[in-house]
Amino acid sequence: MALEGLKDASLKLILFGGKGGVGKTTCACATGLHLAKAFQTLLCSTDPAHSLADSLGQKLGDQPEKIEGIRNLSALEVNAENALSKFKTEHGDQIRKILETGTNLDSEDIDSMLALPIPGMDEVMGLKTLIDLIEKAEFDKYVVDTAPTGHALRLLTSPGLLDDWVKVMGKMRWKYRYIVETFAGRYNADEGDDFLLSMKKTIKKIEDLLRDQKRCEFIVVTIPEDMAISETARLMASLDKCGIRVKQLVMNNVLQSDDCRFCRAKRQEQDKYISQVKKRIGNLTTTVIPSCSHEVKGLRALEDFNSFLFS
């Protein structure tokens, strides 16, 4: 079967995820090329070890770049470090205001705290970058090449991490507000309160989008090997806990030839794992991609790969 439903006008965000080395980047790039024939499409990579540029054969940065020779297709590789730096520049004064009023830290301590990397914020900023791009509404479709399973799950659970972070900041603000109201009789909201409200709205937008099956779809990519199938099953269980339901799976690198004893034996082994998918993962729409005799790299090779994904 082929991937289906991706041209639905209401579907905005399409994420490809799975174990490292199973072909997520290739599937994402090929899908971007396919959708660009009908929609303004943006390809994004959230993997710290980006591969989009190598796959497309074009240098990319952390801002959308038009793909040469392809109408309606742009791409970028998210730089979470730059995104976090930009976030601190834009909101540093607001965070400082909360820390100044809600803690006993002096200015030097606050400067030191703001200069520190915040654990988990790379994933938060990567996802926030995507949401900001979607809110600009410059594209119809956003196709995401995620990092291998563990990093991808941290990306998808980052709204919860950000929510916890905002709750801690909110407690600091509440204590400050209580003291002000106790001694002054009234409290006037300031930029710190505006920042917290804005962040809560951002978290809600992210969570709503990821869980909306009409606007967001997560497609799992795997290969017919025991370790890959096992990791895929764990990924599916984790996504389900996040409220993200997977409907489609790409089974990549399936051997087609039976011209030699090795090929026949290998295919028999692969068939065993393919038959286990329904039992171990679930009854998903499965697209089988045959093994390629050459590396899938460059626009022409990606277009050829499309014949398996969407025919």
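Everything below is about the structure printed above this text.
A. Region of the structure containing the environment of Thr 286. Locating Thr 286 in the fold gives a position in strand S8 (residues 285-290). Measuring from C-alpha to C-alpha, the distance between Thr 286 and Val 221 comes to 9.7 Å, with 65 residues separating the pair along the chain. Aside from chain neighbours lying at most four places away, what touches Thr 286 is Met 1, Leu 249 and Met 251.

B. Layout of the layout of surface pockets. Taken as a whole, the largest pocket spans an internal volume of roughly 500 Å³. Taken together, 26 residues make up the lining of the largest pocket; nearest its centre are Gly 21, Gly 23, Lys 24, Thr 25 and Thr 26. Put simply, the parts of the chain that give the lining of the largest pocket at least two residues each are helix H1 (24-35), helix H2 (52-56) and strand S7 (248-254). When residues of the lining of the largest pocket are assigned to their parent elements, the largest contribution, 3 residues, is made by H1. The calculated volume of the second largest pocket comes to roughly 370 Å³. Counting residues per element, the ones that place at least two in the lining of the second largest pocket are helix H3 (80-102) and helix H5 (121-136). Of all the elements, H5 adds the most residues to the lining of the second largest pocket, at 6 residues. When grouped by side-chain class, the residues that make up the lining of the second largest pocket number 7 nonpolar, 4 polar and 6 charged.

C. Region of interest: the side chain of Asp 190. Within the secondary structure, Asp 190 sits in the loop between helix H7 (158-184) and helix H8 (191-211). With a relative accessible area of 15%, Asp 190 lands in the buried category. Side-chain polar atoms of Asp 190 contact the side chain of Arg 173, separated by 2.5 Å. For Asp 190, the side chain forms a polar contact with the main-chain nitrogen of Gly 192, separated by 2.9 Å. When near neighbours in sequence (up to four residues on either side) are disregarded, Asp 190 contacts Lys 97 and Arg 173.

D. Here's a closer look at the pattern of salt bridges. Within the structure shown, the criterion is met by 14 salt bridges. Here Asp 132 and Lys 128 are joined by a salt bridge, their closest N and O atoms 3.1 Å apart. Here the residue Asp 132 and the residue Lys 128 both occupy positions in helix H5, the gap between them amounting to 4 residues, near one helical turn. Accessibility expressed as a relative area gives 12% for Lys 128, which makes it buried. Residue Arg 173 pairs with Asp 190 through a salt bridge whose shortest N-O separation is 2.5 Å. Of this pair, Arg 173 sits in helix H7 while Asp 190 sits in the loop between H7 and H8, and the two are 17 residues apart along the sequence. Exposure class is identical for Arg 173 and Asp 190. Each is buried.

Analysis parameters
- Residues numbered from 1 in each chain as written.
- Predicted model: local features only at pLDDT ≥ 70, side-chain atom pairs only at ≥ 80, totals over all residues.
- Heavy atoms only, no water.
- Helix = DSSP H or I, 4+ residues; strand = E, 2+ residues; numbered from the N terminus.
- Contact = heavy atoms within 4.5 Å.
- 1 Å grid on protein atoms, 1.4 Å probe; cavity = no way out; pocket = protein on both sides within 12 Å on 5 of 7 lines; lining within 4 Å.
- Points joined across faces, edges and corners; volume = space filled by probe spheres on them.
- Nonpolar A, V, L, I, M, F, W, Y, C, P; charged D, E, K, R; others polar.
- Buried < 20%, exposed > 50% of the residue type's maximum accessible area, 1.4 Å probe, protein only.
- Polar contact = N/O pair within 3.5 Å; in protein donor to acceptor, adjacent residues only side chain to side chain.
- Salt bridge = Lys/Arg side-chain N within 4 Å of Asp/Glu carboxyl O.

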